Amino acid sequence: MAKVLIPQDIAEEGKAYLLERGYEIKMGRGTSVEQLKEDVRDCEAILARTAQIPREVILEGAKLKVIGRHGVGCENIDVEAATERGIWVTFTPEANAASVAEHTLGMIIALGRSFLQAHTLTREGNWEGRNSLSAMDLEGKTLGLIGAGRIGSRVAQKAHAGLGMKVLFFDPQVKEIPGLPEALYAEDPLTIFRESDFVSLHVPVTPETRGAFGKSHFEAMKKGAFFINAARGELVNEGDLFQALKEKRIAGAALDVFEKEPPGKDHPFFTLDNVILSPHSAALTKEALVRMALGAAMGIDEVLSGGRPRWGFNRIGE
């Protein structure tokens, strides 16, 4: 009976899927490297959430055949080490797309309609302060997207169909958004920042995109424009974004991700009144957690039952 290590608990549906197919589940004792090294020694698979799975953990798993990632990015897994050992790394790219897209739309609405400021005024009893709010209609405004993959394309479709927003996008891999011929393609990211009322990032972290968005991009934005990032914090130069927000060179931002997570209690963003923050929770709806748990379990089963996974992050045997 193959054994699956689960260092951090997952939705019951994912565990039930594995049990129904005859696997033994081993709940991990913790997420430290030493704990993982001990726990993985007798396991054929790891179902990994946010725990770091470095090379030394992978090397310790003599029986290890697959690491099923409960999510989209695999930054917490040493994929190179896994590939060298012939270990599949699977992921769940479709499980949270709708959830993150909805979170992004929520951020856009909250920024454009000054929800945070209105909430504060109301709680303070400053009723007449409503006349100082700079809320705007979203219909007719331009949403600029960096990345138009599974999540970005959904944001575009929902923003256009539901809010009547214009859509401008840049993606080196995508030249048109399915079902949305009205979306206009931009030749470079700077055009997105310059021409949009809202700019939203939807790209993975790669050597080319890490820290790629900074001072020149924020200086190109309209003074009344907003910046949204529910992708990865490492995409952005946080110091440059902080200065742009502090100096009110842009109207505001909504961020679900940080360069270092969790951020320290003294993070500069916490001093600003024009930024909305959430704890990397865009994908953490009840439904998405079930889909990610099931998707990770399915990927593990596909490998351990002798097949090739539908969603392999790496390539084995090619």
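Residues numbered from 1 in each chain as written. Predicted model: local features only at pLDDT ≥ 70, side-chain atom pairs only at ≥ 80, totals over all residues. Heavy atoms only, no water.

Now for the sheet that holds strand β5 (residues 88–90). Taken together, the five strands give an open sheet; going across it, the order is β2-β1-β3-β4-β5, and neighbouring strands pair in parallel fashion. Edge positions in the sheet fall to β2 (24–27) and β5, since each of these pairs with one other strand and no more. Ignoring which end each strand starts from, the neighbouring axes of this sheet average 20 degrees apart. On the sheet, helix α1 (residues 12–20) packs against β1 (3–6), β2 and β3 (45–48) and is oriented at approximately 140 degrees with respect to β2. (Pairing = 2+ DSSP bridges. Helix = DSSP H or I, 4+ residues; strand = E, 2+ residues; numbered from the N terminus. Axes fitted to C-alpha atoms, helices over the stretch in contact; angles between N-to-C directions. Contact = heavy atoms within 4.5 Å.)

Strand order in this open sheet of seven strands is β8-β7-β6-β9-β10-β11-β12, and the pairing throughout is parallel. At either margin of the open sheet sits one strand with a lone partner, and together these are β8 (184–185) and β12 (275–277). As paired elements, strand β6 (residues 142–146) and strand β9 (residues 198–201) share four bridges and run parallel to each other. Each bridged residue has a counterpart across the sheet, and for Ile146 the counterpart in β9 is Leu201. Lying on the sheet, helix α5 (residues 97–112) is in contact with β6, β9, β10 (226–229), β11 (252–255) and β12; it crosses β10 at an angle near 155 degrees.

Another aspect to go through is the environment of His103. You can see His103 is positioned in helix α5. Each C-alpha atom, one on His103 and one on Ala230, is 8.0 Å from the other, the two residues being 127 residues apart in sequence. Setting aside its immediate chain neighbours within four residues, His103 contacts Asp256, Ser278, Ser281 and Ala282.

Another aspect to go through is the packing of aromatic side chains. For the coordinates displayed, the defined rule picks out nine aromatic pairs. For the ring pair Phe198 and Phe226, a centre distance of 5.3 Å and an interplane angle of 20 degrees mean the geometry is stacked. Within this pair, whereas Phe198 is found in strand β9, its partner Phe226 is found in strand β10, the two being separated by 28 residues in sequence. No difference in accessibility class separates Phe198 from Phe226, as the two residues are buried. With 5.2 Å between their ring centres and 85 degrees between their planes, Phe218 and Phe227 make a pair best called edge-to-face. Look at Phe218 and you get buried, because its relative accessible area is 0%. Given the relative accessible area of 0%, Phe227 is considered buried. Members of the aromatic cluster, connected to one another through ring pairs, are Phe193, Phe213, Phe218 and Phe227. Sitting over the ring of Tyr17, Arg21 keeps its end group 3.5 Å from the ring centre. (Phe/Tyr/Trp six-rings, centres within 6.5 Å; stacked < 30°, edge-to-face > 60°. Buried < 20%, exposed > 50% of the residue type's maximum accessible area, 1.4 Å probe, protein only. Lys NZ or Arg CZ within 6 Å of the ring centre and 35° of its normal.)

What follows concerns the environment of Thr285. Relative to the elements of secondary structure, Thr285 occurs in the loop between β12 and α11 (286–304). Sequence separation between Thr285 and Asn76 is 209 residues, and the spatial gap between their C-alpha atoms is 21 Å. Only 3.2 Å separates the side chain of Thr285 from the side chain of Ser99, close enough to count as a polar contact. (Polar contact = N/O pair within 3.5 Å; in protein donor to acceptor, adjacent residues only side chain to side chain.)

Next up on the list: the side chain of Asp39. Looking at the element boundaries, Asp39 is found in helix α2 (residues 33–39). A polar contact of 2.8 Å, which involves the side chain of Asp39, links it to the side chain of Arg29. Beyond its immediate sequence surroundings of up to four residues, Asp39 is in contact with Leu5, Lys26, Gly28, Arg29 and Gly30.

Interpretation note: all reported values are geometric properties and have no functional meaning in isolation.
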